[in-house]
Amino acid sequence: MIRLTFLTSIILILSGVGFYVGVMATQGDPHITTLIPAFLGVILFILGLIATRGRLAHIIAMHLAVVLALLGIIGSASGVPKLYTLITTGESARGVAPVLQSIMVVVLLIYLALGVRSFVVARRRATN
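Residues numbered from 1 in each chain as written. Predicted model: local features only at pLDDT ≥ 70, side-chain atom pairs only at ≥ 80, totals over all residues. Heavy atoms only, no water.

Participant: Residue-level account of the environment of Ala57, with values.
Facilitator: Within the secondary structure, Ala57 sits in helix α3 (residues 55-76). Judged by relative accessible area, Ala57 falls into the partly exposed class, the value being 22%. Taking the C-alpha atoms as reference points, Ala57 and Leu47, 10 residues apart in sequence, are found 9.1 Å from one another. In contact with Ala57, other than residues within four places in its own chain, are Ile50 and Ala51. (Helix = DSSP H or I, 4+ residues; strand = E, 2+ residues; numbered from the N terminus. Buried < 20%, exposed > 50% of the residue type's maximum accessible area, 1.4 Å probe, protein only. Contact = heavy atoms within 4.5 Å.)

Participant: Can you break down the nonpolar core residue by residue, with the values?
Facilitator: With 19 residues, the main nonpolar core has Leu12, Leu40, Leu44, Leu108 and Tyr111 as its most contacted residues. The set of elements that each furnish at least two residues to this core consists of α1 (2-27), α2 (36-51), α3 and α5 (97-127). With 7 residues, the top contributor of residues to this core is α3. Discounting residues that sit within four places of it in the chain, Leu12 has contacts with Pro37, Ala38, Leu40, Gly41, Leu44, Met104, Val107 and Leu108. (Core = buried A, V, L, I, M, F, W, Y, C linked by side-chain atoms within 4.5 Å.)

Participant: Tell me what's going on with the packing of α1 against α2, and back it up with residues and numbers.
Facilitator: As a packed pair, α1 and α2 sit with axes 7 Å apart at the nearest point and diverge in direction by 160°. Overall, the two elements α1 and α2 adopt an arrangement that is roughly antiparallel. Judged by the sense of rotation from one axis to the other, the crossing of α1 with α2 is left-handed. The residues of α2 that touch α1, namely those facing Ile2, Thr5, Phe6, Thr8, Ser9, Leu12, Ile13, Ser15, Gly16 and Val17, are Pro37, Ala38, Leu40, Gly41, Val42, Leu44, Phe45, Gly48, Leu49 and Ala51. Among the residues forming the contact of α1 with α2, the class breakdown is 13 nonpolar, 7 polar and no charged. (Axes fitted to C-alpha atoms, helices over the stretch in contact; angles between N-to-C directions. Parallel < 35°, antiparallel > 145°, perpendicular 65-115°, else oblique. Left-handed = near helix turned anticlockwise from the far one by under 90°. Nonpolar A, V, L, I, M, F, W, Y, C, P; charged D, E, K, R; others polar.)

Next up, the structure:
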């Protein structure tokens, strides 16, 4: 789960910074909210580092990481329907935000599903 947390954090950091630089190059003035995935990725990375400190730290950090992923999904989900509009019409009032939000939702949904699965497997091992 720690490796998955690091991988997820790197994907989020790269997508946030990548979109920020991309918007800066094409439109000139990116909004700071473009970096939200990167900020979330940094927090997940820190939680991954904390998880390497011992069993109790691992349990707490991974649970916090999964809760953070759920909050990120909830916060970004509004962009997914707007992605459809962007794809079908080619226009968006919010620029590339729906694309970035959709990427974030997909990445975090996968992380959340694998995290919950990991918790279930760990619980089963503990009861056997």
